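# Coordinate analysis (summary)
Below are the chains, spelled out letter by letter.
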Amino acid sequence: MLAMLSMYLPGAKAWSGALFPRQGVHMSQSFMSRDPILKTFGQRGGAPFSRQQKLIHTSSVRMQAMKKECSECDAVGTKQSGIFSASQWNNKGSDDIRCKTCVSEASGVGGYYTDSEGNRSFRTIRNDWTERYSSTAGDETFGASVDTDDLLETGAFKEVYMGRYTRGARHGEQCVSKMFRSHVQCPEDYFDKEVKASKVAAEIIESFNNEGIAPRSVKIRINMPSVRLLKGGTKCLLEPFVHNFEKFNSNTGWYDQEASEENEVDAVMQALSHYSYHVTDGKYVLCDLQGGRYLDGVILTDPTLHSLQAEQFGGADLGPKGISTFFGRHECNEYCQDDWTEPRKQHAFFKRHMGTSLIGFNGIPRKANL
């Protein structure tokens, strides 16, 4: 079952103005009544079309109305939609027509990467930047189709379904829809708080990148989600799909210590969490870091912020005890700097879990007891 999200551009205005530069040219009543394509333009005053004008115009309008489908992502559009390049559209003798998005993803600048042994893997495409993702947050012009039969992953609290953007600047690109499982009761504003957390996280990440703390090969970016409603009223979190998904740390202080000692990406992620406390003057700790590992960096998705007030950024915000728990298990590495601040209290209040822990679950007390 396809659950179409109600995210569409404002309706197009009705056609107006001269159809041709020379005023007075119109379609005769009898000709329009026989041709449904020409009939849609209505009746105008002046001399009727000649037979040659009728044939030329009919062919032109029908060509504009014709649609083609991308052989890779199934995106559909007309010649004027801008979805296909001129060279792909004019490739009449082949069914292997691809939209601009699929062509760019497979090009030498970003897209796919093939190693010396012929193994193909993914890398970030040229527009995988924080600014690009931020433009999707709350923007209702980004339509999407989500297949609720295509379950990508099931976590302790959420289910993730595959989808695809159907309109907007990300048209044709894959996306995911995250929604809570039926047994989980969450506040109405939970997803809104997650979007808020992602926006704060984006500012922290931008500052971290600008300071040049990580190697140039480890560029950190973040998916910026938006809250949408499926038909039927189910609220979900919609964001671009990332490849090569990995978990770097959790909101209860879990991280792969061996990986952080041997791999610069994992070490940078732990340093980013420490940096977040320092750069925000002790207000937040950015953690529960997860996302896609690419050749030129990491795209984070759905991170958590611990704050000085539990649940300020949703149920995964464990408050001051969450901040203390992170530092109770954190070990500084080569990317942590000596002048970065740390809290006085560094005690692990919660059991270590690799997955995300919510208030009231996994041994985490209710908000009143945090």
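Our structure is the block above this text.
Below or above, wherever it landed, is the structure these notes cover. Note that the structure is predicted; figures quoted are calculated from it, not measured.

## Regarding the pattern of salt bridges
Enumeration according to the criterion identifies 10 salt bridges in this entry. Between Glu188 and Lys235 there is a salt bridge, with its nearest N and O atoms 3.2 Å apart. Linking Glu188 in the loop between strand E8 (174-180) and helix H7 (190-210) with Lys235 in strand E11 (residues 235-240), this pair joins segments that are 47 residues apart in sequence. The exposed category is assigned to Glu188, whose relative accessible area is 64%. By relative accessible area, which is 22% here, Lys235 ends up partly exposed.

## Observations concerning the packing of aromatic side chains
Geometry of an aromatic ring pair is reported as the spacing of the ring centres plus the angle between the planes. Applying the stated rule across the entire model yields nine aromatic pairs. Taken together, a centroid distance of 6.0 Å and an interplanar angle of 80° make the contact between Tyr190 and Phe191 edge-to-face. Of the two residues, Tyr190 and Phe191, neither departs from the other in class, the shared state being buried. Ring geometry for Phe349 and Phe350: centres 6.5 Å apart, planes at 50°, overall tilted. Since its relative accessible area comes to 32%, Phe349 is described here as partly exposed. Every member of this aromatic cluster is reached through a ring pair, and the members are Phe180, Tyr190 and Phe191. Over the ring of Phe180 we find Lys158; its NZ or CZ atom is 5.7 Å from the centre of that ring.

## Regarding a negative patch on the surface
On the surface, a cluster of negative charge is made up of Asp256, Glu258, Glu261, Glu262 and Glu331. Locating Glu258 in the fold gives a position in helix H8 (residues 257-262).

## Considering the packing of H7 against helix H9 (residues 264-279)
Two elements in contact, H7 and H9, have axes separated by 10 Å at closest approach and are oriented at 110°. Considered as vectors, H7 and H9 are oriented roughly perpendicular to each other. Contacts from Ile204, Ile205, Ser207 and Phe208 in H7 reach Val268, Ala271, Leu272, Tyr275, Ser276 and Val279 in H9. Tallied by class, residues from the contact of H7 with H9 come to eight nonpolar, two polar and no charged.

## Observations regarding helix H10 (residues 319-329)
Within H10, eight of the 11 residues are buried, which leaves the element mostly enclosed by the surrounding structure. If you check which residues of H10 are buried, you get Gly319, Gly322, Ile323, Ser324, Thr325, Phe326, Phe327 and Arg329. Contact partners of the buried residues in H10: H9, strand E13 (285-287) and strand E16 (304-306).

## Examining the nonpolar core
One finds Phe208, Leu272 and Leu300 to be the most contacted residues of the largest nonpolar core, which totals 31 residues. Secondary structure elements with two or more residues in this core: H7, strand E9 (219-222), H9 and strand E15 (297-300). Among all residues touching Phe208, those that are not within four sequence positions of it are Ile213, Ala214, Ile220, Val268, Ala271, Leu272, Tyr275 and Trp340. One finds Ala144, Tyr165, Cys175 and Leu238 within the second-largest nonpolar core, a separate group that totals 10 residues.

## A few points about H7
If you check H7, its first and last C-alpha atoms are 31 Å apart, about what 21 residues at 1.5 Å a residue would give, namely 30 Å. The positive-phi residue at the C-terminal boundary of H7 is Gly212, with phi of around 65°.

## Thoughts on the environment of Arg181
For Arg181, the location among the structural elements is in the loop between E8 and H7. Overall, the relative accessible area of 28% leaves Arg181 in the partly exposed class. For Arg181 and Val160, which are 21 residues apart along the polypeptide, the C-alpha to C-alpha distance reads 9.7 Å. For Arg181, the contacting residues outside a window of four places in its chain are Thr154, Gly155, Ala156, Phe157, Lys158 and Glu159.

Rules and cut-offs
Residues numbered from 1 in each chain as written. Predicted model: local features only at pLDDT ≥ 70, side-chain atom pairs only at ≥ 80, totals over all residues. Heavy atoms only, no water. Salt bridge = Lys/Arg side-chain N within 4 Å of Asp/Glu carboxyl O. Helix = DSSP H or I, 4+ residues; strand = E, 2+ residues; numbered from the N terminus. Buried < 20%, exposed > 50% of the residue type's maximum accessible area, 1.4 Å probe, protein only. Phe/Tyr/Trp six-rings, centres within 6.5 Å; stacked < 30°, edge-to-face > 60°. Lys NZ or Arg CZ within 6 Å of the ring centre and 35° of its normal. Patch = residues over 30% accessible without salt bridge, like charges linked within 9 Å, V, L, I, M, F, W, Y side chains within 5 Å. Areas by Shrake-Rupley, 256 points an atom, 1.4 Å probe, with all protein chains shown as cover. Lys, Arg positive; Asp, Glu negative; His and termini not counted. Charge placed at Lys NZ, Arg CZ, Asp CG, Glu CD. Axes fitted to C-alpha atoms, helices over the stretch in contact; angles between N-to-C directions. Parallel < 35°, antiparallel > 145°, perpendicular 65-115°, else oblique. Contact = heavy atoms within 4.5 Å. Nonpolar A, V, L, I, M, F, W, Y, C, P; charged D, E, K, R; others polar. Core = buried A, V, L, I, M, F, W, Y, C linked by side-chain atoms within 4.5 Å. Expected span 1.5 Å × (residues − 1).

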